[in-house]
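This is what each chain is made of:
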Amino acid sequence: MAEISGKLIKKLGEVTGTGKNGTNWIKQEFVIETQEQYPKKVCLAAWGDRTQDLSQIADGETLKIQFSPESREYNERWYTELRAYRIERMGAETTAPSSVPSNVEFNASTGAAKFPPMAAAAEGDDDLPF
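K.L.:
Would you mind going over the nonpolar core with me for this structure?
P.N.:
Side chains of a nonpolar character, in soluble globular proteins, are inclined to be buried together. Counting 14 residues, the largest nonpolar core has Ile4, Phe30, Ile32, Leu44, Leu63, Ile65 and Ile87 as its most contacted members. For this core, the elements supplying multiple residues, two or more each, are strand 1 (2-18), strand 2 (24-33), strand 3 (41-47), strand 4 (61-74) and strand 5 (77-92). Beyond its immediate sequence surroundings of up to four residues, Ile32 is in contact with Ile4, Ser5, Gly6, Lys7, Leu8, Ile9, Lys40, Lys41, Val42, Leu44, Leu63 and Ile65.

K.L.:
Quick question: what am I supposed to make of the side chain of Gln66 here?
P.N.:
Following the sequence through the fold, Gln66 ends up in strand 4. A distance of 3.3 Å separates polar atoms of two side chains, one belonging to Gln66 and the other to Glu3. Discounting chain neighbours no more than four positions away, the residues touching Gln66 are Met1, Ala2, Glu3, Arg83, Ala84, Tyr85 and Arg86.

K.L.:
What is the right way to read the pattern of salt bridges from this model?
P.N.:
One side chain can pair with another of opposite charge once the charged atoms of both are near each other. Under the criterion given, the structure shown has eight salt bridges. Ionic pairing is found between Lys27 and Glu29, a salt bridge with its closest N-O pair at 3.8 Å. Across the pair Arg83 and Glu70 runs a salt bridge, and its minimum N-O distance is 3.3 Å. Pair noted here: Arg83 is in strand 5 and Glu70 is in strand 4, with a separation of 13 residues, a long-range link. Since its relative accessible area comes to 34%, Glu70 is described here as partly exposed. Through salt bridges that share partners, Lys27, Glu29, Glu70, Glu81 and Arg83 make up one connected network.

K.L.:
Before we go on, may I ask you to explain unusual backbone geometry in this structure?
P.N.:
Among all residues save glycine, negative phi is the norm, and among peptide bonds the norm is trans. Despite not being glycine, Asn75 shows a phi value in the positive range, around 50°. Here Asn75 shows up in the loop between strand 4 and strand 5. Phi is positive for Glu76, close to 65°, though the residue is something other than glycine. Relative to the elements of secondary structure, Glu76 occurs in the loop between strand 4 and strand 5.

Rules used in this analysis
- Residues numbered from 1 in each chain as written.
- Predicted model: local features only at pLDDT ≥ 70, side-chain atom pairs only at ≥ 80, totals over all residues.
- Heavy atoms only, no water.
- Core = buried A, V, L, I, M, F, W, Y, C linked by side-chain atoms within 4.5 Å.
- Buried < 20%, exposed > 50% of the residue type's maximum accessible area, 1.4 Å probe, protein only.
- Helix = DSSP H or I, 4+ residues; strand = E, 2+ residues; numbered from the N terminus.
- Contact = heavy atoms within 4.5 Å.
- Polar contact = N/O pair within 3.5 Å; in protein donor to acceptor, adjacent residues only side chain to side chain.
- Salt bridge = Lys/Arg side-chain N within 4 Å of Asp/Glu carboxyl O.

Any functional reading would require information beyond the geometric quantities listed.
Structure, rendered in structure tokens:
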């Protein structure tokens, strides 16, 4: 068991199939970016009911994931997968700063501020010292 946290940057499409024993399975991979001095992108896989947990999470949210690494051999090559078995929301990465004036709109999804148009100064009504 291992644990990692980071910001969700991408969810890949769901993949479904039928196992050798006839049971159906569903898997969805997702990519997070760690919040370290040197950020790393890590791809993890959610299986079964965990895919429903993942569908309720938006890009940009910070997650804490408990996972187990698993490797398997196929045609003399080894493949490793990080299987997420617990996904917890830690909060959204983008929030409005507290120092934004009340007349400034802030779009939390893009992180951009929209300022109101400047009022036209009347002729000779300039306070500049030069």
